[in-house]
Each structure stands twice: as structure tokens, then as C-alpha cells.
Amino acid sequence: MAIESKFRPHQIVKKVLVVEDEVLFARAVVKRLQKDGYECEHAETIADGRLIHKQFQPDLVLLDMRLPDGNGLDLLAEFVSKGAATIVMTAFGDVSDAVNAMKLGAVDYLKKPIDLEELLLVVKKNERASELQTSLDYSRQRNTHATDGVQLIGDSTAMQSVRQQIGRISQLSAITDVVPPTVLIIGETGTGKDVVARFLHAECANSDKPFVHVDCASLPSELIESELFGHEKGAYTNAVGARPGLIESAEDGTLFLDEIGELPLTLQAKLLNVLERRQVRRLGSTKERSVPARIIAATNRDLHDMVNEGRFRSDLYYRLNVITMFMPPLRDRGDDIIQLSNYFKSLTEKRYGLKKRVFSANALQAIQTYTWPGNVRELRHQISRAVLLSAEEQIMVSDLVLPNHQQKHMVASDTSETQMTLDDAEKAILLSALEQARNNVSQAARQLGITRMTMRYRMDKHGISV
């Protein structure tokens, strides 16, 4: 169904088609784009996308790679041939699709979960086909603003220690003519290592310079060297022009190497050279360029063990391990959990223009007693979901859909809750949802109130296939 533009006829409104079967996410995207003056249409399938594209004639398409009736790549060539700039949206495990999409003419790609403000930035960057730039340019623009309003929430003893470490490191970073020491942030997945990195950048003397976030785990293997180090024209078959790499684009700001433990051994030597000599050489070039950026790295792996196993270079490890910070897991942060929950609740209410909600006493107890294996990231997603889907102004335990509170409904009457582990409960919930949805993964994910990416991740985790 067409979505009517709310803007005056004389305004220049860019047309954007969103092809995405996750309805809640698609509606949020449309609402956010309309707020900035875009005229939008939404399609849930390839068939609808093809039809609406013909009628709507969009300037830009946001295209999901996994749709109920096929792969988004089936539409991409058609859209590109008709002059519509196309940005693909892909889940963590489907980055290879993004690589193929770029080869077929996509102008950029975004990896789910996608923040709406980041999505808006890449849309603005790609408004006009004649002004289209590479995804690296987008990364630089996006990350220049990545520290706006960054906050460290929580007053626990563990977080006070983190703040003290940040204070000491910031003092070292206050000297403008000296490159700050390398910082390595360690901790479990989802603890907020990237938040600390952004905070460190915000506190340094060059906080007005770019903050470039490099997710080493999600860089496509076919493009990783070019993405990091850049290339010259003709360096390889599709290198039609020169491009700076992510390292070079950090300029005088901060280069944040997230999940550094995932970097292939073949590139670790080149990265070591960058760290030691502060020089980078693009693919196909004999010229070295200066890299004055400060370096922050993060990992959820034990790099020392990886060194002993031969999976990480010892010299790179010692070069990174100058100053080490530890981010505590959420389960060790006490009342920070409630403070964070209220913070994420308020953010979601504000973003979607919702009335203020409150947590019921039972919901607060559930939040405090749940183990949060996914840490702050999991908490944020669960709270946001509860706010969006709660029918009342009070958020109940049922709105949270926490596995250890679901399991009592999944266990037979003669089995106690303590006899079923958290993993058992989660697997049972997934199997039940898939059965009800007749093995339709997207439909099962919608029933559980999670994204398809999260559904696939959890299915892989428990060895569930359909």
C-alpha cells in the first residue's frame, strides 16, 4: 500500500523504496526517512518490490538480501539497470551476499542490526547517483559523528574502575603533539567495548577528527585487505579508481580495530607495520602514507592463548598490549542493570514517539535475576523490543520474553524448572516457534519478537536446521 508524503508539493523529496520483510523494522525505517523529507514505499517480497519499483520509480532502494520468496540479489540487477542506486542490507552471517551485491552494482551495504541514524547517514551520502562514493567514505562520515552524545551508564564499582582508567588514559591523550599509546579493550561480547573506545576518542585532544570503527569480524575476506589498506587504480580487476583504506581514512583521529582477534594471520604482519612505523601502503602502490591516528583495539578472545596456539602473532599482541582495559560483564554490575534498562527504555520511547512506560515490579525482578549472557547489547535489544510491543503503559515480564521465565511454560508438569538449563529452554522455545510457523524462519522470528538475524544466530547456536 502506498505511503502518502506529508510534505508540501514544492519540496524536492527523494523517493526511497524499502524492500524488507521484517515489518516492524521496515516501518521504523520509513518513519525515520519520512521525518527527513523522503517519500517512501515499502515492499515485503521480491514480487511486490518489482511491482512497486515499476510504479514508484524510486531514486534509491534499501534492499534486504533474504526475502520470503527469494534472494535480494535477484532484484538488484534489475534495479541497477533502471538507474536506482541500491543499498543492500545483510545479516552478520550473509556478508558474502553483500560482496556479490557490490560486484553487481550496489553502491553500499549495511550489516544488521542497523541503527536508524546510521542508516539515515548512508542514505544521505547516496542521494544522487552522480555523487555516489564508496562505503569507505560513508564509514568516515558516519564515524566522525559516532561519539556524539556517547555515555557510560552505571555507578557500580566495576564501572567506577573503568572511568578511572579512562581518566588516566585521557591525561596521556591531552598532549596534542604526541600520538597516544595503543589501548587494548578486552571483555565478553556485548559488554560495551565500542562505547569505551568512542568515549576515549571523545576525551582526546583530536575529538573533532574522524572516529573509524573497523569490525574485523565482518569484513568480507575477498575485500578485507583493500578495505583496510586501500588500493590504487588497476591494483586488481575491479579497481577502477584509487581508494583510501579505512586505516588511512582515520587521519588524525582514532582507528578502532574491533574484534582484532578475527584478523587473518596474513594481514597481521601488515597491521604490525602500520602500528610500528605509522605508515600504510595501498595495494598496487609503492608510496607509503602517514597514519597519525591513535589506535584502539578490542577483542572478546584470549589473545595470549591464541598466540600459544599459533593463531595470533606474538609481536602484534605485545604491540597492542601497551595499555589494557577490562570491560566487566553485565552480571557483575549490580544495580547498573536497572539504570541501563531505564536508559534504553527512554531512548526507545523518544525515538519512536511513544508514551512513557514503567516496569512492573515483577519485570524489574526478572531483569535483575536474568544472567544476560549477551550483556548490555542483549539488554538493549530486549528492552527496546519490550517497549515497542507492550500493549499497556506498564511493561510486564511477558513483554521481556526472557528464556528463564519462558521455560516454566515449556517444561512438563512433572519436571522442575531447575532441571532444564537456560540453553534447553531457549532451544525449546525456538523449536516451538518454528513448528508453529511451519519452519518459516522469518515468521518464527516475528512471533518471538526478534530479528531474523538473531533467530538464525540462535538456531546455529543450538544446531537447529530447517
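Preceding this paragraph is the structure being described.
Structural notes, computed from the coordinates. Here the structure is a predicted model, which is why all the values come from computation and not from measurement.

Conventions adopted
Counting of residues starts from 1 at the beginning of each chain's written sequence and follows it residue by residue. With pLDDT at 70 or above as the cut-off, local features in this predicted model cover only qualifying residues; side-chain atom pairs require 80 or more to be listed or tallied, and sums for whole chains, interfaces and linings still use all residues. To obtain the side-chain values, all non-hydrogen atoms of the structure were included, while hydrogens and water were left out. In DSSP terms, a helix is any run of H or I states spanning at least four residues, a strand is any run of E spanning at least two, and both are numbered starting from the N terminus. Three labels apply to residues, based on accessible area from a 1.4 Å probe with only protein chains included: buried if under 20% of the type maximum, exposed if over 50%, partly exposed otherwise in between. In what follows, a contact means two residues having at least one pair of non-hydrogen atoms within 4.5 Å. Note on areas: Shrake-Rupley, 1.4 Å probe, and residue coverage restricted to the protein chains presented here. Any Phe, Tyr or Trp ring, taking Trp's six-membered ring, that has another such ring centre within 6.5 Å forms a pair; planes under 30 degrees apart are called stacked, those over 60 apart edge-to-face, and the others tilted. Charge-over-ring contacts are defined here by two conditions on Lys NZ or Arg CZ: a distance within 6 Å of the ring centre and an angle within 35 degrees of the ring normal. Any two strands are treated as partners once DSSP identifies two or more bridges connecting them. Only C-alpha atoms enter the line fits that serve as axes; for helices the fit covers just the stretch in contact. Angles between N-to-C directions range over 0 to 180 degrees. Like-charged residues are merged into a patch within 9 Å and nonpolar side chains (Val, Leu, Ile, Met, Phe, Trp, Tyr) within 5 Å, provided each residue has over 30% relative accessible area and no salt bridge. By definition, a salt bridge exists where a carboxyl oxygen of Asp or Glu is found within 4 Å of a side-chain nitrogen of Lys or Arg. Asp and Glu are treated as the negative residues and Lys and Arg as the positive ones, with His and the ends of the chain left uncounted. The atoms used to mark charge sites are NZ of Lys, CZ of Arg, CG of Asp and CD of Glu. Residues enter a nonpolar core if they are buried and are Ala, Val, Leu, Ile, Met, Phe, Trp, Tyr or Cys, with the set joined through side-chain atoms within 4.5 Å. Regarding the arc, it is the one traced by the directions from the helix axis to the C-beta atoms.

### Quick look at the overall build of the protein chain
So, point 1. Per the secondary structure count, the protein chain includes 21 helices and 18 strands.
So, point 2. Relative to its full complement of 466 residues, the protein chain shows a buried share of 50%.
So, point 3. Pairs at least 24 residues apart make up 69% of the contacts formed inside the protein chain by residues separated by at least 6 positions.
So, point 4. Of the roughly 22200 Å² that the protein chain leaves accessible, carbon and sulfur atoms contribute 48%.

### Points about the packing of aromatic side chains
So, point 1. The full count for this structure, using the stated rule, is four aromatic pairs.
So, point 2. Between Y370 and W372, the aromatic rings sit 4.6 Å apart at their centres with planes inclined by 80°, giving edge-to-face as the arrangement. As far as the burial class goes, Y370 and W372 line up, both buried.
So, point 3. Its end group placed over the ring of F56, K15 keeps NZ or CZ at 5.3 Å from the ring centre.

### Brief notes about the sheet that holds strand 15 (residues 294-299)
So, point 1. Here five strands make up an open sheet; going across it, the order is 9-12-15-8-16 and the pairing parallel. The open sheet has two edge strands, strand 9 (211-215) and strand 16 (323-326), and neither has a second partner. On average, each strand axis in the sheet is tilted by 20° relative to the strand beside it, whichever way the strands run.
So, point 2. As paired elements, strand 9 and strand 12 (residues 254-258) share five bridges and run parallel to each other. If you follow D215 over to strand 12, its bridge partner there is D258.

### Focus on a nonpolar patch on the surface
So, point 1. Residues L24, L388 and L389 make up a contiguous nonpolar surface patch of roughly 260 Å² in combined accessible area.
So, point 2. As for its position among the elements, L389 is in helix 16 (residues 375-389).
So, point 3. Given the relative accessible area of 38%, L389 is considered partly exposed.

### Considerations on the pattern of salt bridges
So, point 1. The final tally for this structure, using the stated rule, is 16 salt bridges.
So, point 2. The shortest N-O distance in the salt bridge between K111 and D215 comes to 3.7 Å. With K111 in strand 7 (residues 108-111) and D215 in strand 9, this residue pair connects regions lying 104 residues apart in the sequence.
So, point 3. Take K111: its relative accessible area is 25%, and that puts it in the partly exposed class.
So, point 4. Look at the salt bridges and you will find they share partners, linking E232, E248, R282 and R289 into a network.

### Quick look at a negative patch on the surface
So, point 1. A contiguous patch of negative charge on the surface is contributed by E44, D48, D69 and D74.
So, point 2. Along the polypeptide, D69 turns up in the loop between strand 4 (66-67) and strand 5 (70-71).
So, point 3. Using a relative accessible area of 40% as the deciding quantity, one classes D69 as partly exposed.

### A word on the nonpolar core
So, point 1. Membership of the largest hydrophobic core comes to 32 residues, with the highest contact counts inside it found for V214, L228, L257, I260 and F312.
So, point 2. Counting only elements with at least two residues in this core, the list comes to strand 9, helix 9 (224-229), helix 10 (246-249), strand 12, helix 11 (265-277), strand 15, helix 12 (303-308) and helix 13 (314-320).
So, point 3. When residues in this core are grouped by element, the largest group, five residues, is from helix 11.
So, point 4. With 23 residues, the next largest nonpolar core counts V18, M89, L110 and L120 among its residues.

### Examining the side chain of R333
So, point 1. Mapped onto the elements of the fold, R333 is located in the loop between strand 16 and helix 14 (336-352).
So, point 2. With relative accessibility at 3%, the residue R333 sits in the buried group.
So, point 3. Not counting residues within four places of it along the chain, the set of residues in contact with R333 comprises I153, G154, S156, M159, T191, P328, L340 and V376.

### Section: the sheet that holds strand 3 (residues 60-64)
So, point 1. Spatially, the five strands line up as an open sheet ordered 2-1-3-6-7, and their pairing is parallel. Each edge of the open sheet is held by one strand with a lone partner, namely strand 2 (39-43) and strand 7. The sheet shows a mean angle of 20° between the axes of neighbouring strands, taken without regard to direction.
So, point 2. Bridge analysis of strand 1 (residues 15-19) against strand 2 gives five bridges, and the strand direction is parallel. Looking at strand 2, one finds that V18 is bridged to H42.
So, point 3. Against the sheet, helix 2 (residues 46-56) touches strand 1, strand 2 and strand 3, its axis set at about 155° to strand 2.

### Examining the environment of L303
So, point 1. Tracing the backbone through its elements, the reader meets L303 in helix 12.
So, point 2. With a relative accessible area of 4%, L303 lands in the buried category.
So, point 3. With 18 residues separating them in the primary sequence, L303 and N321 have C-alpha atoms 9.7 Å apart.
So, point 4. Non-local contacts of L303, meaning those with residues more than four positions away in its chain, are made with L184, I260, G261, F312 and Y317.

### Remarks on unusual backbone geometry
So, point 1. The backbone of E259 sits at a positive phi, close to 50°, despite the residue not being glycine.
So, point 2. Position of E259 among the secondary structure elements: in the loop between strand 12 and helix 11.
So, point 3. Using a relative accessible area of 14% as the deciding quantity, one classes E259 as buried.

### Remarks on helix 2
Along an α-helix, a turn takes 3.6 residues, which lines up residues three or four apart on a common side.
So, point 1. Buried within helix 2 we find I46, G49, I52, H53 and F56. In an axial view of helix 2, the angular spread of the buried residues amounts to 130°, which keeps them on one side of the axis. With respect to the buried face of helix 2, the exposed residues turned more than 90 degrees away are K54 and Q55.

### A short note on the environment of G253
So, point 1. Examined against the element boundaries, G253 turns out to sit in the loop between helix 10 and strand 12.
So, point 2. Residue G253 is classed as buried on the basis of its relative accessible area, which comes to 3%.
So, point 3. Separated by 45 residues in sequence, G253 and D208 have C-alpha atoms that sit 7.6 Å apart.
So, point 4. In contact with G253, not counting residues within four places along its chain, are H201, K209, P210, A293 and R294.

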